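An overview of the molecular structure
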Amino acid sequence: MRAGSVGWVGRPRAGAAARVLAAAQAVAAVVVLARLARGRRRLPPLTAPVPGKSLGDAPADGIAGRSGGAGDPAARGVAAGKDGPGAWIGRGGPSGGGNPGISVVIPARDEERRLGPCLRAVLADPAVTEVIVVDDESSDGTARLAAAYRATVVRGRPLPEGWVGKQWALHQGLEEARGEIVITLDADTRPRPGLFGALAAALGDHDLVSAGPRFVCDGLAEQALHASFLATLVYRFGPIGPPVPPPPHRVVANGQCLAFRREPMRRADGFARVRGHMTDDVALARALAADGWRVGFLDAGGLLEVDMHESAAEVWREWGRSLPLRDVTRPVWQAADLAVVWLAAALPALRLAAGRPTRLDLALLAVRVLLTAALRRSYARPGAGVLLSFLLDPATAVRLTQATLRPVRTWRSRAYGLGRQGFADAVRCGARPGPPDRTAAR
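Residues numbered from 1 in each chain as written. Predicted model: local features only at pLDDT ≥ 70, side-chain atom pairs only at ≥ 80, totals over all residues. Heavy atoms only, no water.

1. Notes on the packing of helix H10 (residues 312-322) against helix H14 (residues 393-405)
The test is simple: Inter-axis angles, ranging from 0 to 180 degrees, are taken between N-to-C directions of lines fitted to C-alpha atoms, where helices are fitted over the stretch in contact. Helix and strand definitions follow DSSP, with helices as H or I runs of at least four residues and strands as E runs of at least two, each counted in order from the N terminus. Angles are sorted into four bins: roughly parallel if under 35 degrees, roughly antiparallel if over 145, roughly perpendicular if 65 to 115, and oblique for all others. In this scheme the crossing of two helices becomes right-handed for a clockwise turn of the near helix relative to the far one and left-handed for an anticlockwise turn of less than a right angle. Contacts were defined at the residue level, with two residues in contact if any of their heavy atoms lie within 4.5 Å. Throughout, the ten residues Ala, Val, Leu, Ile, Met, Phe, Trp, Tyr, Cys and Pro are labelled nonpolar, Asp, Glu, Lys and Arg are labelled charged, and all others, Gly among them, are labelled polar.
Where H10 meets H14, the axes come as close as 9 Å, and the angle between the chain directions of the two elements is 60 degrees. The orientation of H10 relative to H14 falls into the category oblique. Note that H10 runs across H14; the crossing there is right-handed. Contacts between H10 and H14 involve Trp316, Arg317, Gly320 and Arg321 from the former and Ala395, Arg399 and Ala403 from the latter. Classifying every residue of the contact of H10 with H14 by side-chain character gives 3 nonpolar, 1 polar and 3 charged.

2. Some details on the environment of Arg178
Note the threshold: To sort residues, take the accessible area from a 1.4 Å probe on protein chains only and compare it with the maximum for the residue type: under 20% means buried, over 50% means exposed, and anything in between is partly exposed. Each polar contact in these results corresponds to two N or O atoms within 3.5 Å; when the atoms are within protein, one needs to be able to donate a hydrogen and the other to accept it, and residues that are neighboring in sequence are counted only if both atoms are side-chain atoms.
Structurally, the position occupied by Arg178 is in the loop between helix H4 (165-176) and strand E4 (181-185). Given the relative accessible area of 63%, Arg178 is considered exposed. Counting along the chain gives 48 residues from Arg178 to Glu130, while the straight-line C-alpha distance between them is 7.8 Å. Among residues more than four places away in sequence, those in contact with Arg178 are Ser103, Glu130 and Arg262. One polar contact links Arg178 to Glu130, side chain to side chain, over a distance of 2.9 Å.

3. Structural notes on the environment of Arg42
Within the element layout of this structure, Arg42 appears in the loop between helix H1 (2-37) and strand E1 (102-108). Each C-alpha atom, one on Arg42 and one on Ile240, is 7.5 Å from the other, the two residues being 198 residues apart in sequence. With residues up to four places along the chain from it excluded, the contact list for Arg42 reads Pro239, Ile240, Gly241 and Pro243. Separated by 3.3 Å, the side chain of Arg42 and the backbone oxygen of Ile240 make a polar contact.

4. Some details on the environment of Glu112
Looking at the element boundaries, Glu112 is found in helix H2 (residues 112-123). Spatially, the C-alpha atoms of Glu112 and Ala143 are 8.1 Å apart, while their sequence positions differ by 31 residues. The residues touching Glu112, leaving out its near neighbours within four places in the chain, are Asp140, Gly141, Thr142, Arg144 and Leu145. Within the structure, the side chain of Glu112 is placed 3.0 Å from the backbone nitrogen of Gly141, a separation counted as a polar contact.

5. Considerations on the pairing of strand E8 (residues 257-261)
Which entries qualify depends on this criterion: For two strands to count as paired, DSSP must find a minimum of two bridges between them.
Across the 5 residues of E8, 5 count as buried, placing the element largely inside the fold. Alternating residues of E8 divide into Cys257, Ala259 and Arg261 and Leu258 and Phe260, and every residue in both groups is buried. Pairing of E4 with E8 involves 5 bridges; the strand directions are antiparallel. Bridge assignment links Thr184 to a residue of E8, and that residue is Leu258. Inspection of the sheet shows strand E6 (residues 208-212) paired to E8 by 3 bridges, in the antiparallel sense. By the bridge assignment, Ser210 is partnered in E8 with Leu258.

Here it is, written out as structure tokens:
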């Protein structure tokens, strides 16, 4: 009788737990659908400037639209790489057609193998007036390669205590920059003709612009894992290019390519304010958005490619390390984001593998397949890996959870102390100088 009572009591308890899980999954589904629905109204993607128009033709209150073809090599009959490295530096600046000077800053630490294609593309664009490579104490031939391409090489000073290397390199590059507009690029980016003019034009509507690229992923496993990680970002924050900016604590950005005006960033001391963050790009965007800056995360897939990783193992190790955004997100939001990933992505895939999906699981899997079709546009050469990426969603959820609970603060042979900033809210870091002047210097 006692055993029977325990069994009788246990079944309702198990049923109650199942109902709670089902309710939580339903809530997660509604959240994901609401975020995905934002993709129906997005800001237009960045496009190359129209040949024959100059950024200097913009009205006084800002650089108009997405045009300004003085930065388009096709308008001048320029092919990438023509006349050798550095041939076009200085040809698109204020003295060459009224455009604002554009300084490109590339932080580089041990990037000799990847830097060349980036430099060739940047130096071939006539909109660029200055290219600065900050050699962040490299142990290889990074500085020598940059000098061979006639870029300005800044020998990075020793890393101060409390700084992460990339922010320190960007801070030094900003000190050296002379252009009215500064565009930062990672060494693994591959800009296409017109990117810099398009970014300059976008600064007519924004104070900080972040560009979303197309990714180069070779191999089935690498592409599948990368696409699974990318899907979690969409589930947590929605598609890029939202017409209505999110609140500052939910702003996201891509630090592989940022554009801003030099003097407002110097006054804001942006890189110093987020000096200790491993997730530097999101920390910077959230801190400036809290100050009133207009932050835009725009689709630049037609103008920018990025070859981030060389294998699936590197995607797992490096991208999985940064995607939880642990050091820029409050614990309650970390928990909520992980719950959405587990309930709306990982759980349906697990139940499908077990042969026991619910109707809600099947509906969420259908949504995930539709998202997969959209994600194909985010890859330079989409293949079967993107289509199969939903199968790796449980593994991706495990990696995000692991990196949230046990964050890694090492990069390129440097280790950084965790400290209390591991839970810091980026929008509270440093002073708050207020938004930039949006009429002067425009």
